[in-house]
Amino acid sequence: MSQKTTTVINRDALVEAARQVRERAYAPYSKYKVGAALLTQDGSIITGCNVENAAYPACICAERVAITRAISEGKREFVAIAVVTSNGGTPCGICRQVMAEFAPSMPVIIADEKKIVAEYPVSDLLPHYFSPEDLV
Ligand code: THU
């Protein structure tokens, strides 16, 4: 019998984890630091920051660092993600697509250095996303 427990979302803790990892962002080119914290079904918080590169297209966003870290640790069930920037910026299109792959209804909590500014489900951020069902 499969048991699915509900993982409670502690928004303040998730945002705080994203704020802390944001300090480790490597963003010498844009100077735009981003921190992300992903809550997984087992209650873990997995963080990521953006990592830029002198070859600009090699930059990776904070959200995808957190998500790929989680996947590589064997965690695929996502409950929520917090994203912290200086101005409450929302996730880019590629990150929205990557979130939709694993957790289309997951809430995305968007915050700045002081407060939560918005919260949307992934599917509101990227309606009609390309899904595994489209690969027929
Ligand atoms: N960035 C993120 O980390 N996440 C996003 O969703 C948007 C953009 C990063 C990429 C780059 O290092 C910097 O922010 C400016 O685009």
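The structure under discussion appears in the preceding block.
This structure is a prediction, so every number in the text was calculated from the model and none was measured.

Quick notes on the nonpolar core
The biggest cluster of nonpolar side chains holds 21 residues, and the ones touching the most others in it are Leu 38, Phe 78, Ile 81, Met 99, Met 106, Val 108 and Val 122. At the level of elements, strand 1 (35-40), helix 2 (62-72), strand 3 (78-84), helix 3 (93-102), strand 4 (107-111) and helix 4 (122-125) are the ones that each hand at least two residues to this core. Counting residues per element, this core draws most heavily on helix 2, at four residues. Among the nonpolar cores identified, the runner-up in size contains twelve residues, and Ala 37, Val 79, Ile 109 and Ala 111 belong to it.

Some remarks on the site of the ligand
Ser 30, Tyr 32, Val 34, Asn 50, Glu 52, Cys 61, Ala 62, Glu 63, Pro 91 and Cys 92 make up every residue found near the ligand. In this structure, an oxygen atom belonging to the ligand sits 2.9 Å away from a main-chain N or O atom of Ala 62. Look at the ligand: alone it shows 370 Å² of surface, and the protein chains cover 78% of it. A class-by-class count of the residues in the shell around the ligand yields six nonpolar, two polar and two charged.

Remarks on the pairing of strand 4
The buried count for strand 4 comes to five of five residues, which makes it a mostly enclosed element. Taking every second residue as pointing to the same face, both faces of strand 4 are buried, with Pro 107, Ile 109 and Ala 111 on one and Val 108 and Ile 110 on the other. In this sheet, strand 4 lies alongside strand 3 in parallel orientation, the contact comprising four bridges. Counted as the bridge partner of Ile 81 is Val 108 from strand 4. Note on the crossover from strand 3 through helix 3 to strand 4: the handedness is right-handed. Note: strand 4 against strand 5 (residues 116-121), five bridges, orientation antiparallel. When the sheet's bridge partners are listed, Ala 111 is paired in strand 5 with Ile 116. Count of turn residues in the strand 4/strand 5 antiparallel hairpin: four residues.

Rules and cut-offs
- Residues numbered from 1 in each chain as written.
- Predicted model: local features only at pLDDT ≥ 70, side-chain atom pairs only at ≥ 80, totals over all residues.
- Heavy atoms only, no water.
- Core = buried A, V, L, I, M, F, W, Y, C linked by side-chain atoms within 4.5 Å.
- Buried < 20%, exposed > 50% of the residue type's maximum accessible area, 1.4 Å probe, protein only.
- Helix = DSSP H or I, 4+ residues; strand = E, 2+ residues; numbered from the N terminus.
- Near = heavy atom within 4 Å.
- Polar contact = N/O pair within 3.5 Å; in protein donor to acceptor, adjacent residues only side chain to side chain.
- Areas by Shrake-Rupley, 256 points an atom, 1.4 Å probe, with all protein chains shown as cover.
- Nonpolar A, V, L, I, M, F, W, Y, C, P; charged D, E, K, R; others polar.
- Pairing = 2+ DSSP bridges.
- Right-handed = clockwise from strand over helix to strand, strands pointing away.

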